[in-house]
Amino acid sequence: MNKKKIYFISVVRSDYLRQLPIINYLKTINNIYLKILITGSHSHKLYGETLNDIKKSNVLWENCCPKKYSLKTKDISSNLKECLGKIDKTIKKDCPDILVLFGDRYEFLAGALAAFGKKILIVHIHGGSVTLGAFDDQVRHSLTKLSHIHLTSIKQYADRIQQMGEEKWRIKVVGAPGIDYLKNFS
């Protein structure tokens, strides 16, 4: 039996930790091949070089971080360009079945665009929410429109995605997976 290839993209420590309960669960299923595509600030010294944490997680990973990742807003397009090139190369080589995007960081757009049109099911977790006064909403809603399946934390967010024109059967309220990670600290 061929294994389903499920790829996650992680751009910062916070999204990685929220994805971890899902990743750990999927690791227990025999017919699933998992890989994390690392990008964003994971290799940046200012953010603790969290790539090292992922290396310890016993999950296959690939470094798609830009060589010169910049924290400046004016450099978003340069960061995206390099992320997109690296993720696109990996996706073309590996042909995953599913790509999981988590949240509203602009680096996820590189993954969505790389998978777009390649018969890869794009799953977006945490769409439909709103962050007032930030460009996060534009990114999050763009990811929603590029995705096929939408997993939201609450019904209000699911309703917002449906108002954006997404089909109801593609939207599921699943709660916040990152809360499961908090069990480790109780």
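Below is a short write-up of the structure. (Residues numbered from 1 in each chain as written. Predicted model: local features only at pLDDT ≥ 70, side-chain atom pairs only at ≥ 80, totals over all residues. Heavy atoms only, no water.)

## Re the overall build of the protein
Test applied: Numbering of helices and strands runs from the N terminus; a helix is a DSSP stretch of H or I covering at least four residues, while a strand is a stretch of E covering at least two. For the radius of gyration, the atoms used are the C-alpha atoms, and the globule rule reads 2.2 Å times the number of residues raised to 0.38. Throughout this description, buried means an accessible area under 20% of the type-specific maximum (1.4 Å probe, protein chains only), exposed means over 50%, and partly exposed covers the range between. Only heavy atoms matter for contacts: two residues are in contact if any of them lie within 4.5 Å across the pair. Note on areas: these come from Shrake-Rupley sampling with a 1.4 Å probe, and a residue is covered only by the protein chains present in the view.
Across its full length, the protein holds 7 helices and 7 strands. Reading the helices (α) and strands (β) of the protein from amino to carboxyl end gives β-α-β-α-β-α-β-α-β-α-β-α-β-α. For the protein, the C-alpha radius of gyration of 16 Å lies close to 16 Å, the compact-globule estimate for 186 residues. Principal-axis analysis of the C-alpha atoms gives the protein an extent of 45 × 40 × 40 Å. For the protein, with 186 residues in total, the buried portion stands at 49%. Put simply, of all contacts in the protein between residues at least 6 apart along the chain, 62% involve residues at least 24 apart. Accessible surface for the protein amounts to roughly 10,100 Å². Of this, 55% is attributable to carbon and sulfur atoms.

## Section: the packing of aromatic side chains
For clarity, the cut-off: Each pair of aromatic rings taken from Phe, Tyr and Trp, with Trp reduced to its six-membered ring, is defined by centres within 6.5 Å and is described as stacked if the planes are under 30 degrees apart, edge-to-face if over 60, and tilted in the remaining cases.
Counted by the stated rule, this structure contains 1 aromatic pair. Arranged with centres 6.4 Å apart and planes meeting at 40 degrees, the rings of tyrosine 7 and tyrosine 33 form a pair that is tilted. Taken together, the residues span a long stretch of sequence, with tyrosine 7 in strand 1 (residues 4–10) and tyrosine 33 in strand 2 (residues 32–38) at a distance of 26 residues.

## Structural notes on the pairing of strand 5 (residues 121–125)
This is how it is decided: Strand pairing requires that DSSP identify at least two bridges connecting the strands. The handedness of a crossover follows from its direction of travel: if, with the strands pointing away from the viewer, the path from the first strand over the helix to the second runs clockwise, the crossover is right-handed.
Of all 5 residues in strand 5, 4 are buried; the element is thus mostly enclosed. Pairing geometry for strand 4 (residues 98–102) and strand 5, over 5 bridges, is parallel. Residue pairing in the sheet places valine 100 in a bridge with valine 123 of strand 5. Assessed by its sense of winding, the connection that carries the chain from strand 4 through helix 4 (residues 108–115) to strand 5 is right-handed. Sheet topology places strand 5 next to strand 6 (residues 149–152); 3 bridges connect them, and they run parallel. Bridging across to strand 6, isoleucine 125 finds its partner in leucine 151. Viewed along the sheet, the connection from strand 5 through helix 5 (residues 136–146) into strand 6 turns out right-handed.

## Describing the environment of isoleucine 179
With respect to the helices, strands and loops of the structure, isoleucine 179 is situated in helix 7 (residues 178–182). Using a relative accessible area of 52% as the deciding quantity, one classes isoleucine 179 as exposed. Each C-alpha atom of the pair isoleucine 179 and proline 21 lies 8.7 Å from the other, and the pair is 158 residues apart in sequence.

## Some details on the side chain of lysine 35
To keep things clear, this is the line we draw: The definition of a polar contact used here is a pair of N or O atoms within 3.5 Å, where within protein one atom must be able to donate a hydrogen and the other to accept one, and adjacent residues in sequence count solely through side-chain atom pairs.
Looking at the secondary structure, you find lysine 35 in strand 2. Reaching out from lysine 35, the side chain makes a polar contact with the side chain of glutamate 62 at a distance of 3.0 Å. Reaching out from lysine 35, the side chain makes a polar contact with the side chain of aspartate 94 at a distance of 2.9 Å. Among residues more than four places away in sequence, those in contact with lysine 35 are Ile6, Tyr7, Phe8, Leu60, Trp61, Glu62 and Asp94.

## Remarks on the packing of helix 3 (residues 76–94) against helix 4
What counts is decided by this rule: All axes here are fitted lines through C-alpha atoms, helices being fitted over the stretch that makes contact, and every angle between N-to-C directions spans 0 to 180 degrees. Angles below 35 degrees are treated as roughly parallel, those above 145 as roughly antiparallel, those between 65 and 115 as roughly perpendicular, and all remaining angles as oblique. Here is the rule for handedness: rotate from the far helix to the near one, and if that takes an anticlockwise turn smaller than a right angle the crossing is left-handed, while a clockwise turn gives right-handed. Any residue that is not Ala, Val, Leu, Ile, Met, Phe, Trp, Tyr, Cys, Pro, Asp, Glu, Lys or Arg is counted as polar, Gly included; the first ten are nonpolar and the last four charged.
It is the contact of helix 3 with helix 4, at a shortest axis distance of 8 Å, that shows an interaxial angle of 40 degrees. Here helix 4 runs oblique to helix 3, going by the angle between their axes. Along this stretch, helix 3 crosses helix 4, giving a crossing that reads as right-handed. Taking contact as the criterion, the partners of Leu80, Cys83, Leu84, Ile87, Asp88 and Ile91 in helix 3 are, on helix 4, Leu109, Ala110, Gly111, Leu113, Ala114 and Ala115. Within the contact of helix 3 with helix 4, the residues separate by chemical class into 10 nonpolar, 1 polar and 1 charged.

## Considerations on the side chain of threonine 152
Residue position: threonine 152 is located in strand 6. Overall, the relative accessible area of 0% leaves threonine 152 in the buried class. Looking at threonine 152, its side chain comes within polar contact range of the main-chain oxygen of isoleucine 154, at 3.2 Å. Other than its neighbours up to four places away in sequence, threonine 152 contacts Gly127, Tyr157, Ala158, Ile161, Ile171, Lys172, Val173, Val174 and Gly175.

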